[in-house]
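Letter by letter, the chains look like this.
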Amino acid sequence: METRLLHPGVHTSDIITLYISAIMALRELDPSMVILQVACEPIRKYLRTREDTVRQIVAGLTGDTEGSSELANELSKADPVTLEHGQDSDEETADPEEWLPDPIDAEADKCGSKRRSSDIISLLVSIYGSKELFISEYRSVLADRLIHQLSYNTAREIRNVELLKLRFGESHLHFCEVMLKDVADSRRINSNVADEEMKLPEEQRSPLPLSALIMSSEFWPPLKEEKLELPAPIKEVMESFTKRYEKLKAMRTLSWKPHLGSVTLDLELGDRTLSNLSVSPVHAAIIMHFQDRSSWTLEELGEALEMPTSVLRRRMTLWQQQGVLREEPAGTFVVVEKAQCERPEKNVVLLESDEEGESNMATQSEQKEEKLQMFWAYIQAMLTNLDSMSLERIHNMLKMFVTMGPVVTEMDIQELQAFLQTKVRDQQLISSGGVYRLPKSPN
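Residues numbered from 1 in each chain as written. Predicted model: local features only at pLDDT ≥ 70, side-chain atom pairs only at ≥ 80, totals over all residues. Heavy atoms only, no water.

K.L.:
Quick rundown of the overall build of the protein? Include the residues and the values.
P.N.:
Counting its regular elements, the protein contains 17 helices and 8 strands. Within the protein, buried positions represent 40% of all 443 residues. By sequence separation, contacts in the protein at least 24 residues apart represent 67% of the contacts at least 6 residues apart. Surface accessibility of the protein: about 25,700 Å² in total, with carbon and sulfur atoms responsible for 51%. (Helix = DSSP H or I, 4+ residues; strand = E, 2+ residues; numbered from the N terminus. Buried < 20%, exposed > 50% of the residue type's maximum accessible area, 1.4 Å probe, protein only. Contact = heavy atoms within 4.5 Å. Areas by Shrake-Rupley, 256 points an atom, 1.4 Å probe, with all protein chains shown as cover.)

If you want it as structure tokens, here you go:
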């Protein structure tokens, strides 16, 4: 198994597919699930080491990957196995007369009810032992899909959320419901803003149409941050939209994420016109600067966009590949008004971003780093007020005060101890006899 399946050359989705097939076959051969437990434990251990395991399982549940029909069908079952109260509840309600002892070759450290659970989703969730992890990952997947959803059609996502609520409970999916409501509200607000603008004289209307996805920041997962200075005409349109929104929603305003979204534009060049190009805001901002000047150096354009030149050069590749820009001499980009070769004429051209398939959500490591920084701020405040505290007391205080996301974000005591030890090594804490204190600042 290790040589043919459990190695980096095999895609995570293929390993999960084989695991699901093993569950379906072995539960027919051995209803006690002992064979499954012994035979598939190496697969479960290996899947825990893969960073994308949870995302692949979530994608399978929502029907976003090839060969995911089994998981999607399992989620759509009319009488699903609920995970809201854990997997041990079936043992409490079972008829005592029907109890059977575990087989002699069963592992002693595994309880019988968990082993006998033949539900595929329950077994996949039990790989990590925490449904919160799956809910958090689903929120990120849902947020990604909604950000790329330009039609505001959420029927499929609403169906998935309702099915997941049957499995995980309504309270765990509350944040997802708010996200879907944000999309519906955004569609209505965009319509209201457009109606208000149509009442204005033509010379006062916005020269560029704009639609916005308005998010309730507390309910969406953290987004990737990227610095981008938009051209002045775009900023004016966004400011105008913000003012109209503030009239509709008193005491509220908008904080724009200019690097997220999609822009549809037409390019008129010397001998050709490229119509209905769908690109990212970064690519649109780049090409708009070439309206004013036909030639830009990498450093000048990077300064105008407030973007590192290394990142900018990578983004320029898209326009080079489409024959719109050319680099000559090195470090200087010019518009190609006349095509170098014949290109097939198309009425609609769709350009994909060079980050196609990349998530707009902050990665797990970025979220963990943000969580640790928040913990550290709390710890500093506690030690400033109380002078010194033991590990157990710090842990208990954090459990009381630190909340983030849809559930309380906790750090187990071993993880906390490791984190505090790194601060001791960095000389940001002093540890003595199991008690931590802040170092005294020099006078």
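K.L.:
Lay out the pattern of salt bridges in plain terms, naming residues and giving numbers.
P.N.:
Following the criterion strictly, the structure yields 18 salt bridges and no others. Of the charged contacts, one joins Glu-306 and Lys-227 as a salt bridge, the two residues approaching to 3.4 Å between their closest N and O atoms. Taken together, the residues span a long stretch of sequence, with Glu-306 in the loop between helix 13 (298-305) and helix 14 (309-321) and Lys-227 in the loop between helix 10 (174-198) and helix 11 (232-248) at a distance of 79 residues. With relative accessibility at 36%, the residue Glu-306 sits in the partly exposed group. Of the charged contacts, one joins Arg-326 and Glu-328 as a salt bridge, the two residues approaching to 3.0 Å between their closest N and O atoms. The class for Glu-328 is partly exposed, based on a relative accessible area of 41%. (Salt bridge = Lys/Arg side-chain N within 4 Å of Asp/Glu carboxyl O.)

K.L.:
Run through the sheet that holds strand 8 (residues 435-437), naming residues and quoting values.
P.N.:
Pairing is antiparallel in the open sheet, where 3 strands are placed in the order 6-8-7. In this open sheet, the two strands that pair with only one neighbour each are strand 6 (388-390) and strand 7 (430-432). Looking at each pair of strands side by side, their axes are set apart by 30 degrees on average, direction ignored. Where strand 6 lies against strand 8, 3 bridges are found, and the strand directions are antiparallel. (Pairing = 2+ DSSP bridges. Axes fitted to C-alpha atoms, helices over the stretch in contact; angles between N-to-C directions.)

K.L.:
Quick one: what's the story with the sheet that holds strand 3 (residues 295-297), residue by residue and with numbers?
P.N.:
One open sheet holds the 3 strands; their spatial order is 3-5-4, and the pairing between them is antiparallel. The strands lining the two open edges of the sheet, one partner per strand, are strand 3 and strand 4 (325-327). Across the sheet, the mean angle from the axis of one strand to that of its neighbour is 25 degrees, orientation sign disregarded. As paired elements, strand 3 and strand 5 (residues 332-335) share 3 bridges and run antiparallel to each other. Of the residues in strand 5, the one forming a bridge with Thr-297 is Thr-332. Relative to the sheet, helix 13 contacts strand 3 and strand 5, its axis offset from that of strand 3 by approximately 85 degrees.

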